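# Tertiary structure, described
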Amino acid sequence: LDANPAILSLAHQDWSELLSTSDEGRDGYTSEQLLRALLVLFLEGKTYRHTVILIDNSEFLQYFVRLGVRPTMDFTFLNRAYTALRPETLDQINAVLTHYALTAEMISGEKQRMDTTVVETNIHYPTDSSLLWDSFRTVARLVRAVQKEQPQLGFHHRFHDKKVKKLATFIARNASSKSNITQRAVQQTYTTLIQRVEWILGVGCQVADSLDRAGCRAGCRAEALSHYLPLAARIVDQADRRVLQGETVPPDEKLYSLFEEHTELIVRGKAGKPIEFGHKVLIAQTGEKFIHHYAVMEKKIEDTDLLMPAINAHQKLFGQYPDVLSTDKGFYESMKQIEGLEEKIAVVSIAKKGRRTQVEYERETSEAFVDGQRFRAGSEGSISVLKRAFKLGKCFFKGFKNYAASVGFAVLCHHLVLLTRL
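This report concerns the structure included in the present document. All of these numbers come straight from a predicted model, not from anything done at the bench. (Residues numbered from 1 in each chain as written. Predicted model: local features only at pLDDT ≥ 70, side-chain atom pairs only at ≥ 80, totals over all residues. Heavy atoms only, no water.)

## Observations regarding the overall build of the protein chain
What counts, and what does not: Helix numbering and strand numbering both begin at the N terminus, where a helix is a DSSP run of H or I of at least 4 residues and a strand a DSSP run of E of at least 2. Only protein chains enter the area calculation, which uses a 1.4 Å probe; residues under 20% of their type maximum are buried, those over 50% are exposed, and those in between are partly exposed. Contact between two residues is taken to exist if any of their heavy atoms lie within 4.5 Å; hydrogens are not considered. Only the protein chains shown count as covering a residue, and every accessible area follows the Shrake-Rupley method with a 1.4 Å probe. We treat Lys and Arg as the positive residues and Asp and Glu as the negative residues; His and chain ends play no part in the count. Charged groups are reduced to one reference atom each: NZ for lysine, CZ for arginine, CG for aspartic acid, CD for glutamic acid.
Per the secondary structure count, the protein chain includes 15 helices and 7 strands. Burial analysis of the protein chain (422 residues in total) assigns 47% to the buried set. Within the protein chain, counting contacts between residues at least 6 apart in sequence, those at least 24 apart form 68% of the total. For the protein chain, the exposed area adds up to about 21,500 Å²; of that, 51% sits on carbon and sulfur atoms. One way to put it: in the protein chain the 55 positive side-chain charges average out to a point 8 Å from where the 51 negative ones average out.

## With respect to a positive patch on the surface
As a reminder, the rule being used: Residues enter patches when they are more than 30% accessible in relative terms and free of salt bridges; like-charged ones are connected within 9 Å and nonpolar ones (Val, Leu, Ile, Met, Phe, Trp, Tyr) within 5 Å. Salt-bridge detection follows one rule: a side-chain nitrogen of Lys or Arg within 4 Å of a carboxyl oxygen of Asp or Glu.
Taken together, Arg 158, Lys 162, Lys 163 and Lys 166 make up a surface patch of like positive charges. The topology assignment puts Lys 163 in helix H8 (residues 161-174). What makes Lys 163 exposed here is its relative accessible area of 57%.

## Describing unusual backbone geometry
The phi torsion of most residues other than glycine is negative, and most of the peptide bonds are trans. The backbone phi angle of Arg 66 is positive, close to 65°, even though this residue is not glycine. A relative accessible area of 37% means that Arg 66 is categorised as partly exposed. Notably, Lys 289 is not glycine yet its phi reads approximately 75°, a positive angle. On the basis of relative accessibility, which here comes to 48%, the residue Lys 289 falls in the partly exposed class.

## A look at the packing of aromatic side chains
How we decide: Stacked, tilted and edge-to-face pairs are distinguished by plane angle, under 30 degrees for stacked and over 60 for edge-to-face with tilted covering the rest, among Phe, Tyr and Trp rings (Trp via its six-membered ring) whose centres lie within 6.5 Å.
Following the criterion strictly, the structure yields 13 aromatic pairs and no others. Here the aromatic rings of Phe 42 and Phe 397 are separated by 5.8 Å at their centres, their planes lie at 20°, and the arrangement is stacked. Here Phe 42 is found in helix H2 (residues 31-44), whereas its partner Phe 397 is found in the loop between strand E7 (394-395) and helix H15 (400-419), with 355 residues between them in sequence. Where Tyr 125 meets Phe 277, the ring centres are 5.6 Å apart and the plane angle is 90°; that geometry is what we call edge-to-face. Placement of the pair is Tyr 125 in the loop between strand E1 (111-121) and helix H7 (128-149) and Phe 277 in strand E3 (residues 273-285), with a sequence separation of 152 residues.

## Considering the nonpolar core
Put simply, the test is: By convention a nonpolar core is built from buried Ala, Val, Leu, Ile, Met, Phe, Trp, Tyr and Cys residues, the set being connected through side-chain atoms within 4.5 Å.
Trp 15, Leu 38, Met 73, Tyr 82, Phe 409 and Leu 412 are the most contacted members of the largest nonpolar core, which has 57 residues in total. With 13 residues, the top contributor of residues to this core is H15. Each residue touching Leu 38, except ones within four places of it in the same chain, is listed here: Trp 15, Leu 78, Ala 81, Tyr 82, Leu 85 and Phe 409.

## Some words on the pairing of strand E2 (residues 264-270)
Rules: Two strands pair if DSSP finds at least two bridges between them.
Judged from the 5 bridges that link them, E2 and E3 form a sheet pairing that is antiparallel. Bridge pairing in E3 places Glu 264 opposite Gly 278.

Given below as C-alpha cells:
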C-alpha cells in the first residue's frame, strides 16, 4: 500500500466528492484510515459493526489502520465510505497493483487460466407468493409512515397485514400439494392475494400523487414509493401471468427480488445447486495466481463470448499472448476456434464438447494438454479463497453498484495478500 500511493489517490477522489468534509460528518478521518479500515472489513470477513469493534479491541489493527490515539470511526460512517466508492475506481486500483506487480517482475505472462463463478445476492428464494407479500408489506409500511408524518393529507387506511400474510403463508404451505381440492384452494388464494396487492398499489399511487401535489417530493417516503411501486407492479403482472393465466414467463422478464431487483437467475447445473440467484463473474489469472483480469456481468454473458476479451486483456498487459491457455469446456465454441487460437498460443488446453475424432483425442491426451488442465484446476481454488476469505460467498451489499464494488474489493484483498508472498 505504501509503495502505491496512486491507490489512495483514486479512493480519495471518490470520497472527496461524495463524503462530508465537515467536523460533524467526516470527523477528521483521513482517506488512508478509511481505506485500511475497509480492507480490514474484507480481510476479516466481518460486518461494519463487528469490524469497528475488532479494530477498537486490537492494537495491531489500530496500527494497521493508522488511527494513532484517535478512537475508531463509527460503523455508519464506514458504511457511507464504502458506498461512495465506485466499481470503476476499484478497477483502476486493481490496475495500479497489476502494473506494480508487472514492473517488479512478480508476475509473468507465460500462462493464463480463467473460470467463471456466480456471486449470489442476499435474497430469499423467490416464489410468487413471497414476492407478493414483500410488495404488500413494503408499500403498506411506506403508506402508513406517510399517514403518520403527513396527517394533513387525510389518508386513513387500514391495511390488514396479518390477513394478507396468512394468504401468502397458506400458499407457501400448500403449493406443492398434489390434491386437486387443495390446488383449487391455492388458486383462489392467489387470486385474493393478487387483488389485495393491487389494492395497496392503488393506495400507494394515490399517496405518491398527493405528496407530489403537496410539494413533498423531497421526502424519502416519496422517493421510496416511486422506486418500489413499479417493481411491485411487475411482480403482480408476472404472478398473474404465471399462476392465473398459465403463461410461461421468460427468465429475463422475471423479477426475483423486490429489494435486489438487479438479481439474475443463473442456471449452472451443478450438483446440489442447479440454479443460483446473483450475477456471473469472470476471473482470469496468471501462473502466479494473480488475477490480472476480472469482469462482473450485470446481464449474463456466455463463457464463449468472454474468452477473447480476456485473452486480449492478457496480450495488452504483457505485450504477448500466453504460451499456455487453460479453461474448462464451457469456453469451447468450435474446433475452428481452437485452431485459430493455436496459431497464436502454443498450448490451448480447452476440452471439446461432444464426440472426438482420433486426432482430437490424441490432442487432449497429450502431456502438454493434461498439464494445462492441471493448471486450470487451480482456478477453482482461487475462487474458493475469494468466497471463503474475502466475502464473495454472498453479497450483503445493496444494489448492483455496491455488488460490483465488492467483487473489486475482494480482488484487491487477494492481490495484496498474494503480493506479500511473491
